[in-house]
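Structural features, examined
Each chain, letter by letter, is given below.
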Amino acid sequence: QKCRHSLRRGGVPLVCRRAARTHRWCGGARRGVSACVRATLAEAETSASVPASAFSIAPMMEYTTVHFRAFARILTRRALLYTEMEVDQTLIHNAAYRDRYLPFPADQHSVALQLGGSDPASMRRAAAYAAPFGYDEVNLNAGCPSETVAGKGCFGAALMRQPLLVAELCTSMREGLASAVLPGAPVPEVTVKHRLGVDDSDSYAELRDFIGTVSERGSVSRFIVHGRIALLNGISPADNRSIPPLRPGWVAALRRDFPHLSFDYNGGLSTATEVARARADGPLAGAGFMIGRAAYARPWDCLSNADVAVFGEDAPSVPSRRVAIERYAEYCDDVERLAADDGELAPNPRVLVKPVLNLFHGERGCGNWKRSSDYLLRQAKLRASNADSTTPRTSDLLHAMMRVIDDDVLDAPPPPASFSGNDDDEEEEDSDSDSPMRSSMMTLPGSATSRAGLGDGVRVVVSGRRRRKKAQIVYENGGEEEEEGEEEGKNLKASAAA
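Residues numbered from 1 in each chain as written. Predicted model: local features only at pLDDT ≥ 70, side-chain atom pairs only at ≥ 80, totals over all residues. Heavy atoms only, no water.

**Quick notes on the overall build of the chain**
Here is the rule: Working definition: helices are DSSP H or I runs of at least four residues, strands are E runs of at least two. Numbering for both runs from the N terminus. Relative accessibility thresholds used throughout: buried, under 20% of the residue-type maximum; exposed, over 50%; partly exposed, between the two (1.4 Å probe, protein chains only). Should any heavy atoms of two residues lie within 4.5 Å, those residues are counted as being in contact. In this description, accessible areas are obtained by the Shrake-Rupley approach with a 1.4 Å probe, and a residue is regarded as covered only by the protein chains that are shown.
Of regular secondary structure, the chain possesses 19 helices and 16 strands. Evaluated residue by residue, the chain yields a buried proportion of 49% over its 498 residues. Long-range contacts, defined here as pairs at least 24 residues apart, represent 73% of the contacts in the chain between residues at least 6 apart. Only carbon and sulfur atoms are counted for the fraction: they give 50% of the accessible area of the chain, which is about 23,400 Å².

Below, the structure written as structure tokens:
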């Protein structure tokens, strides 16, 4: 007899999947529960105990939009998603901007809002405006090295020079959130994302003082640490993600010196499998990890197996790319329908398609996928300019784009969640791709370490193969065109990360 008794503990449904006798669940006490149900309980309790911050997607301007977060949530149910950075002055003085960019669908939780600013009064007002939207966390940007932010704006990474101001900003943000949060809703946690240091202020002692001041005076208990210093002497933000060496050992030392605080590490990891490996062993075991541009550049490899690898779920959120595209097409339909119902202009189809452009990165047909998207979007624009023609929905474009991908690629499962293999030879395109979990990099401050080992290694990649495929583009309203797509192989050279 199949057991169909469904239990619930901590909001997690528990169902025995084996043949067993009738089971009881009364008042939290286990009575007559077989071994298989006890094992299911233990697995679910372990999974539920892993916080969303164990695996998070970093805030990235022009990338972590509400539409990208919707697609990321399809790929992973459990990861913590960050918004783009929102500047305090923009939220204060632009009500239309607030109404357009702060709301998000309820099924996107857990979502963290990142704020940027350096004036406590303005940050209090900005946090108050954001409070009713129900974010799970509000984060202060103290790590962005952009000239616009850290230079002219005098916030971002520049704030690391003023730990007392950072503490005051966090206190003001918490006060603003508490004053405007909806009745009965919890006050979002205030966190800080920062670097290891800035310019010449790059010693571990200064970093430790920064953490001590902000945690004590600002009542901050969780920090997201990018494992590099920030150089504000004119190099670009992209160079700031690659030139300064990674120092994860400093984050491990912070965990040692501040055991009552929580530290998430950002830098060097690009897949959920690597995060699972780092959480399982080493000085950063059990810490939270944040992934940046790899989540956008390679969403399937990075996110699709996160629920299994990091959070211990039984199955991934989606079984294949085909299902992921179908669900995202439904989301696009909802967005366009809601805009029509409210009498507003729907988002540009190119904006809605952008989050899925890299879904087939490294797979057969990736070039055809991107070329067909560009062709279809240009045709849709022409049709929109013609009053006599019907403008296709974004979901129609996505379904047409799928026609250029082979079924075996569309239906391939997510990458395996096991991390027993060696991933050091994989090609990494993200600037934070140098593996930080080597033993030579994980020594703590004060121990004998040679900095020459930071980021050592040569990566060799093989040039892509030349491939032709005839892509047939079909609209649902009967329009049909053909185009000859050709994926040119690129000659990639071996590169060394110093």
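**Quick word on the pairing of strand β8 (residues 137-142)**
Note the following rule: Place the viewer so that the strands point away; then a crossover is right-handed whenever the path from the first strand over the helix to the second strand goes clockwise. What makes two strands pair is DSSP finding at least two bridges between them.
Extensive coverage of β8 is indicated by the burial of six of its six residues. Running through helix α5 (residues 120-130), the crossover from strand β7 (residues 111-116) to the neighbouring parallel element β8 is right-handed. In terms of strand pairing, β8 meets strand β9 (residues 189-194) through six bridges, oriented parallel. Residue pairing in the sheet places Leu 140 in a bridge with Val 192 of β9.

**Description of the layout of surface pockets**
Empty space among the atoms can be located by rolling a probe the size of a water molecule over them. Threshold: Here a cavity means grid points, on a 1 Å grid over the protein atoms only, where a 1.4 Å probe fits yet cannot get out; a pocket means an open set of points with protein on both sides within 12 Å along at least five of seven lines; lining residues are those with an atom within 4 Å of a point. Grid points are joined across faces, edges and corners, and a volume is the space filled by probe spheres set on the points. Gly is put with the polar residues, along with every residue not named as nonpolar or charged; the nonpolar set is Ala, Val, Leu, Ile, Met, Phe, Trp, Tyr, Cys and Pro, and the charged set is Asp, Glu, Lys and Arg.
Approximately 1,000 Å³ is the volume attributed to the second largest pocket. Secondary structure elements with two or more residues in the lining of the second largest pocket: α2 (66-75), β6 (80-87), α4 (95-101), α15 (321-341) and α16 (349-353). In terms of residues, the lining of the second largest pocket owes the most to one element, α15, which gives five residues. Here the residues of the lining of the second largest pocket are counted per class, giving 17 nonpolar, five polar and eleven charged.

**A look at the packing of aromatic side chains**
Selection criterion: Planes of paired rings set the category: under 30 degrees apart is stacked, over 60 is edge-to-face and the rest tilted, where pairs are Phe, Tyr or Trp rings (Trp by its six-membered ring) whose centres lie within 6.5 Å.
Per the stated rule, a full pass over the model turns up eleven aromatic pairs. On the basis of an interplanar angle of 55 degrees and a centroid distance of 6.4 Å, the ring pair of Phe 258 and Phe 263 is categorised as tilted. Of the residues examined, Phe 258 reaches a relative accessible area of 11% and is grouped as buried. A relative accessible area of 3% means that Phe 263 is categorised as buried. Arranged with centres 6.2 Å apart and planes meeting at 75 degrees, the rings of Tyr 265 and Phe 289 form a pair that is edge-to-face. Of the two residues, Tyr 265 sits in strand β11 (residues 262-266) while Phe 289 sits in strand β12 (residues 288-291), which places them 24 residues apart along the sequence. Neither Tyr 265 nor Phe 289 differs from the other in exposure class; each is buried. Grouped by ring-pair contacts, the aromatic residues Tyr 63, Phe 68 and Tyr 296 constitute a single cluster.

**A few points about the environment of Pro 188**
Relative to the helices and strands, Pro 188 resides in the loop between α7 (163-180) and β9. Looking at Pro 188, the relative accessible area reads 8%, which means it is buried. Once the C-alpha coordinates of Pro 188 and Met 173 are considered, the two residues, 15 residues apart in sequence, prove to be 10.0 Å apart. Contact partners of Pro 188, with chain neighbours within four places excluded, come to Tyr 135, Asp 136, Glu 137, Val 138 and Leu 177.

**Some words on the pairing of strand β10 (residues 222-226)**
When you tally the buried positions in β10, you get five out of five residues, the bulk of the element. Neither face of β10 is left uncovered, since the one carrying Arg 222, Ile 224 and His 226 and the one carrying Phe 223 and Val 225 both have all their residues buried. Here three bridges tie β9 to β10, and the two strands are oriented parallel to one another. Of the residues in β10, the one forming a bridge with Val 192 is Phe 223. One ladder, built from five bridges, connects β10 with β11; its direction is parallel. Bridged to Arg 222 within β11 is Ser 262.

**Digging into the pattern of salt bridges**
We count it as follows: When a carboxyl oxygen of Asp or Glu is within 4 Å of a side-chain nitrogen of Lys or Arg, the pair counts as a salt bridge.
Using the criterion set out here, one finds 18 salt bridges in the structure. Salt-bridge contacts for Arg 364 lead to Asp 408; the nearest nitrogen and oxygen are separated by 2.7 Å. Of this pair, Arg 364 sits in the loop between α16 and α17 (366-385) while Asp 408 sits in helix α19 (residues 407-410), and the two are 44 residues apart along the sequence. On the accessibility criterion, Arg 364 (32% relative accessible area) is partly exposed. The class for Asp 408 is partly exposed, based on a relative accessible area of 48%.

**Quick word on α7**
As a reminder, the rule being used: Between the first and last residue of a helix there are one fewer steps than residues, each counted as 1.5 Å, and that sum is the expected span.
Helix length check: α7 (18 residues) gives 26 Å between terminal C-alpha atoms against 26 Å at 1.5 Å per residue, within 8%. Looking only at α7, the buried set comprises Leu 165, Val 166, Ala 167, Leu 169, Cys 170, Ser 172, Met 173, Gly 176 and Leu 177. As for α7, its buried residues are in contact with β7, α5, β8, β9 and α8 (204-217).

**Considerations on the side chain of Arg 321**
In this fold, Arg 321 is placed in helix α15. Apart from the residues within four sequence positions on either side, Arg 321 is in contact with Trp 300, Leu 359, Phe 360, Glu 363, Val 409, Leu 410 and Ala 412.

**Here we look at the sheet that holds β6**
The strands making up a sheet associate through backbone hydrogen bonding, with each pair oriented either parallel or antiparallel. Put simply, the rule is: Only C-alpha atoms enter the line fits that serve as axes; for helices the fit covers just the stretch in contact. Angles between N-to-C directions range over 0 to 180 degrees.
Taken in spatial order, the eight strands close into a barrel running β5-β6-β7-β8-β9-β10-β11-β12, and their pairing is parallel. In this sheet, adjacent strand axes meet at a mean angle of 30 degrees when their direction is disregarded. Helix-sheet contacts for α2 involve β5 (55-57), β6 and β7, and the interaxial angle to β6 is about 170 degrees. Helix-sheet contacts for α7 involve β7, β8 and β9, and the interaxial angle to β8 is about 155 degrees.

**Side note on the packing of α7 against α8**
Working note: a packed helix pair is described by the angle between its axes plus the distance between those axes. Rules: Orientation labels follow simple angle bins: below 35 degrees gives roughly parallel, above 145 gives roughly antiparallel, 65 to 115 gives roughly perpendicular, and whatever is left gives oblique. Crossing handedness is read from the near helix: turned anticlockwise from the far helix by less than a right angle, it gives a left-handed crossing, and turned clockwise, a right-handed one.
Where α7 contacts α8, the axes come no closer than 8 Å and their chain directions differ by 30 degrees. When the interaxial angle is binned, α7 and α8 end up roughly parallel. Crossing of α7 against α8: the hand is right-handed. Packed against α7, whose contacting residues are Pro 163, Leu 164, Val 166, Ala 167, Cys 170 and Thr 171, the element α8 presents Phe 210, Thr 213, Val 214 and Arg 217 at the interface. Tallied by class, residues from the contact of α7 with α8 come to seven nonpolar, two polar and one charged.

**Considerations on the environment of Asp 107**
Among the secondary structure elements, Asp 107 is positioned in the loop between α4 and β7. A residue is classified by how much of its surface remains accessible, and Asp 107, at 59% relative accessible area, is exposed. Considering only alpha carbons, one finds Asp 107 and Ile 74, 33 residues apart in sequence, at a separation of 9.7 Å.

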